[in-house]
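Observations on chain architecture
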Amino acid sequence: MSNEHTTHAELYGIEFVKALYHLIHTARIHKDNNQLIRDSLSKFKGILEEMTREEDLKLQLWRGRFHIGGEKLPYKRDAFTVINEVMKYFSRRGFGGLHFFVTSRKASPADLLTFIRLLDGAVKQDDPPEWLEQKLGGYALPWVRILRKQIDDQQDAEKDLSMRQYERAKTAYFHALDTVKEVADKASQGIAGIRKTRRLAQTIVDLVQEDTSLILGLATIKHYDDYTYTHSVNVSLLATCLGRNIGLSKVSLEHLSVCGLFHDLGKVGVSKDVLLKKGELSAEEWKNMQRHPLLGVRKILRLNADKVLRSKIILGPFEHHLNPDMTGYPKTHFMKKLSLLGKILRIADVYEALTAERAYRPRAFTPDEALRKMWSEGGKCFDPILLKSFIHMMGIYPVGSVVELNDGHMALVMDYPDESQKAVPLVMLLVDDGEGGLARGEMVHLSDQVMEEGSTRLTIIRGVQPSRVGVQVAQFFLQEK
Ligand SMILES: [Fe+2]
Ligand SMILES: [Fe+2]
């Protein structure tokens, strides 16, 4: 979400959903002329008027979150229960959203009440959206429209800001893959320029600033023809997210993002036999492998880029296998400590490598295992403060984790609506697809509160290896079938 301007979603979004909730409930128990109804009607009408001052108001349910005008409704802990209830209310009726036209601000309280009562009654119908559309016509309420819930999440006609953001992020990801490939190819012939990469880095930084969870989700993409390229893009995304998290300037973030894309450029010079070897490397092969940071730096030096930029993107790739005490490789005598970008890159690099399937080990680490392993290695390998920020940013079960819930369900962690409290994620239930696999199910907000009397709180009990349950995590983020 952009920080530059305050949007309707931020200003009135939650109040609007709350007012809707109260109106629905008051209308259920009281007759038309009751004072409580009049109060909640005028409250609702007031906010509606405010929100339709300049444009239509669209309240949409998309990927488990409410959106207003395409912007995610911000998370507020004290409004959690109400928002969740309204989501369920929509889901039970097959609504994907409500579209209030600008003209709705002229609607009389009586008309608003009629609308609310119809909304409530729709639940008993076979096809509530269809029935409701007809009724709205019959009652001459042309200022509102029901948006249908889209089974496959793709509300093409209704795509707004954050939906477009998602498309942009996806495009940027694959564009990044191509760019790294291209630069690697051309760099070996000595003719690569960096203009495109620079623009790409700007896009990545924008996307990270708008929606970190989305980018962290994309960084789980692990299906590839050539691991080095996917790895490089993922490292770039993870590093940029961490950089943003510790408050780096936009320019530094761009440099960091380029560093991530290029950090393993030197591997293009290492033979495939070594890179893809199943067993342990021989002493000779290991030496060969350890040359890649230096080879990479040589390639970067040959890139067609201005001096300042080049100087900013050399250290990180050079340092990404060095520990804070300067052990690791390549051996260096002229440096006493690591640069900030180098330290960030190191964390992103190790995390990405641990969570990827590699030929030389039986299985990948789950995200929570990888974080625990990194934490136990702690200060020796990583800058402790940065590592702390990284773990805090990722949460115990990072976005993209497959998890088992205490009710036996498998689920996928999609988002942390409350950035400050990484204990209560939004998850997508993974349900039996009838063919022995798992398919996308409902989105559920885990909460630290018990939602209904007598029910138990839904929690994560452990992280699960995606391959164990036959799941390709990235597919769920890319919305492939
Ligand atoms: Fe490397
Ligand atoms: Fe790497």
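Here the residue numbers are simple positions, counted from 1 along each chain's written sequence. Following the order in which they are written, the chains are lettered starting with A and the ligands numbered starting with 1. The model is predicted, so local features are restricted to residues of pLDDT at least 70 and side-chain atom pairs to those at 80 or more, both for listing and for counting; the totals for chains, interfaces and linings are taken over all residues.

With respect to the sheet that holds strand β2 (residues 65–68)
- The criterion for strand pairing is that DSSP finds at least two bridges linking the strands in question. Think of it this way: any DSSP run of H or I at least four residues long counts as a helix, any run of E at least two long counts as a strand, and we number them from the N terminus. Ordered by their spatial adjacency, five strands build an open sheet running β3-β2-β1-β4-β5, and the pairing between neighbours is antiparallel. A single partner strand is all that each edge strand has here, and the edge strands are β3 (71–72) and β5 (144–148).
- Pairing analysis gives five bridges linking strand β4 (residues 95–100) to β5, with the strands arranged antiparallel. For Phe 95, the partnering residue across the bridge sits in β5 and is Arg 148.

Quick word on the sheet that holds strand β10 (residues 460–464)
- Overall, antiparallel pairing links the five strands, which are arranged β9-β8-β7-β6-β10 in an open sheet. Every interior strand has two partners, whereas the edge strands, β9 (438–445) and β10, have only one. Strand-to-strand twist of the sheet, defined as the mean angle between neighbouring strand axes without regard to direction, takes the value 40°.
- Judged from the three bridges that link them, strand β6 (residues 402–405) and strand β7 (residues 410–415) form a sheet pairing that is antiparallel. Note on method: axes are straight lines fitted to C-alpha atoms, helices fitted across the in-contact stretch only, with angles between N-to-C directions ranging 0 to 180 degrees.

With respect to the domain arrangement of the protein chain
- For every domain, the bounds stem from an assignment made automatically or drawn from a database. For the protein chain, the assigned domains are domain 1 (8–155), domain 2 (161–394) and domain 3 (402–478).
- Domain 1 and domain 3 are separated by 28 Å when their C-alpha centres are compared.
- A pair of residues counts as a contact when their C-beta atoms, built from backbone coordinates, are separated by no more than 7 Å. Taken together, the contact between domain 1 and domain 3 spans eight residues of the former and nine residues of the latter.
- No other element matches helix α3 (residues 80–92), which puts three residues into the side of domain 1 that touches domain 3.

Some details on the packing of helix α2 (residues 35–51) against helix α4 (residues 109–121)
- Where α2 meets α4, the axes come as close as 10 Å, and the angle between the chain directions of the two elements is 95°. Of the possible angle classes, the one that applies to α2 and α4 is roughly perpendicular. When α2 is examined against α4, the residues Leu 41, Phe 44 and Lys 45 are found in contact with a partner set consisting of Pro 109, Leu 112 and Leu 113.
- For the contact of α2 with α4, a count of residues per class yields five nonpolar, no polar and one charged. Should an angle fall under 35 degrees it is taken as roughly parallel, and over 145 as roughly antiparallel, whereas 65 to 115 is taken as roughly perpendicular and any remaining angle as oblique. The residue classification treats Ala, Val, Leu, Ile, Met, Phe, Trp, Tyr, Cys and Pro as nonpolar and Asp, Glu, Lys and Arg as charged. All others, Gly included, are polar.

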